[in-house]
Amino acid sequence: MKKIVVGITGASGSIYAKRLIEVLVSKGIQTNIIATDKGKQVFNYELSLDLKKWVEELKNTYSNVKLEDNNNLFSGVASGSHGFDAVIIVPCSMGTLAEVSHGLSKNLLCRAADVALKEGRKLVIVPRETPFNAIHLENMYKLSRIGATIIPAMPGFYNHPQTIDDLVNFMVGKILNYLNIDNNLFNKWEDTEYET
Ligand SMILES: Cc1cc2nc3c(=O)[nH]c(=O)nc-3n(C[C@H](O)[C@H](O)[C@H](O)COP(=O)(O)O)c2cc1C
């Protein structure tokens with residue numbers, strides 16, 4: 001993977017996006033971030049961090065990170081001719097899920113997701129809502145059928161997590177595994193002795 005688009009929407013769980021971006025840029029992968037307006041607000045609210053300032057700080061250490069303008073349909077990632085490998089929408093709101101599943105490409109994030117689908121590239125949706133209604137489920141099913149991968153923000157507990165970081169790393173590790181990006185964010189399951 002050389003270039004990945006990370007979409008941040010207004011669902012809860014901005015911490016997953018922050019961790020994923022930190023790992024991707026530290027591995028030298030070009031990471032283009034697209035946040036919706038609500039995504040920026042929830043990121044700020046949940047993490048007490050301004051997304052734009054945080055990316056500027058990251059840029060002091062890494063040159064391979066870019067914050068895109070969600071209104072800029074002239075960006076490279078709006079086109080199928082532009083070589084990016086995958087789009088990860090994390091966390092994905094039910095609103096953006098609906099837009100992507102209906103092929104609406106009215107902003108850069110939804111357009112990049114649409115490009116990933118039409119070009120047969122990886123599109124990963126990390127939905128966060130509970131409970132799901134039938135519209136949410138139908139939209140996920142629809143995307144899954146046409147090649148997107150749904151990785152719900154549902155950390156497992158079989159690794160005995162002790163901290164929030166452990167839970168976040170589990171989810172981010174799952175996303176990276178799916179992208180075939182080597183990581184040790186959580187212990188992979190091995191043969192385990194258990195008395196039944
Ligand atoms: C603090 C906060 C948390 C939210 N959490 C969720 C959530 O987990 N899932 C969701 O679908 N919407 C959630 N929402 C609502 C979305 O932000 C809202 O539907 C918004 O229009 C989504 O826009 P976007 O898809 O353009 O980011 C939340 C809103 C706020 C203010």
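Everything below is about the structure printed above this text.
Bear in mind the structure is a predicted one, so any value in this text is a computation, not a measurement.

Brief notes about helix H2 (residues 37-47)
Link 1 in the chain: Residues of H2 that are buried: Gly39, Val42 and Phe43. Axial view of H2: buried residues confined to an arc of 105 degrees, hence all on one face. Exposed residues lying more than 90 degrees from the buried face of H2 are Asp37, Lys38 and Tyr45.
Link 2 in the chain: Those residues of H2 that are buried lie in contact with strand S1 (3-8), helix H1 (14-26) and helix H3 (51-61).
Link 3 in the chain: Where H2 ends, the next residue or the one after it, Ser48, has phi of about 50 degrees, a positive value.

Brief notes about the site of the ligand
Link 1 in the chain: Within the structure, the ligand sits among Thr9, Gly10, Ala11, Ser12, Thr36, Lys38, Val42, Ser93, Met94, Thr96, Arg128 and Glu129.
Link 2 in the chain: Residue Thr96 places a side-chain N or O atom 2.5 Å away from an oxygen atom belonging to the ligand.
Link 3 in the chain: Out of a free accessible area of 640 Å², the ligand has 63% covered by protein chains.
Link 4 in the chain: At the level of secondary structure, the elements contributing two or more residues to the shell around the ligand comprise H2 and helix H4 (94-101).
Link 5 in the chain: Of the residues in the shell around the ligand, the class split is three nonpolar, six polar and three charged.

Observations regarding the pairing of strand S5 (residues 122-127)
Link 1 in the chain: Among the six residues of S5, five are classified as buried, and the element is accordingly described as predominantly covered.
Link 2 in the chain: Relative to strand S6 (residues 149-150), S5 runs parallel, the two being bridged by two bridges. Bridged to Ile125 within S6 is Ile150.
Link 3 in the chain: Considered for its hand, the β-α-β crossover made up of S5, helix H6 (residues 134-145) and S6 is right-handed.

What counts as what
Residues numbered from 1 in each chain as written. Predicted model: local features only at pLDDT ≥ 70, side-chain atom pairs only at ≥ 80, totals over all residues. Heavy atoms only, no water. Buried < 20%, exposed > 50% of the residue type's maximum accessible area, 1.4 Å probe, protein only. Helix = DSSP H or I, 4+ residues; strand = E, 2+ residues; numbered from the N terminus. Arc of directions from axis to C-beta. Contact = heavy atoms within 4.5 Å. Near = heavy atom within 4 Å. Polar contact = N/O pair within 3.5 Å; in protein donor to acceptor, adjacent residues only side chain to side chain. Areas by Shrake-Rupley, 256 points an atom, 1.4 Å probe, with all protein chains shown as cover. Nonpolar A, V, L, I, M, F, W, Y, C, P; charged D, E, K, R; others polar. Pairing = 2+ DSSP bridges. Right-handed = clockwise from strand over helix to strand, strands pointing away.

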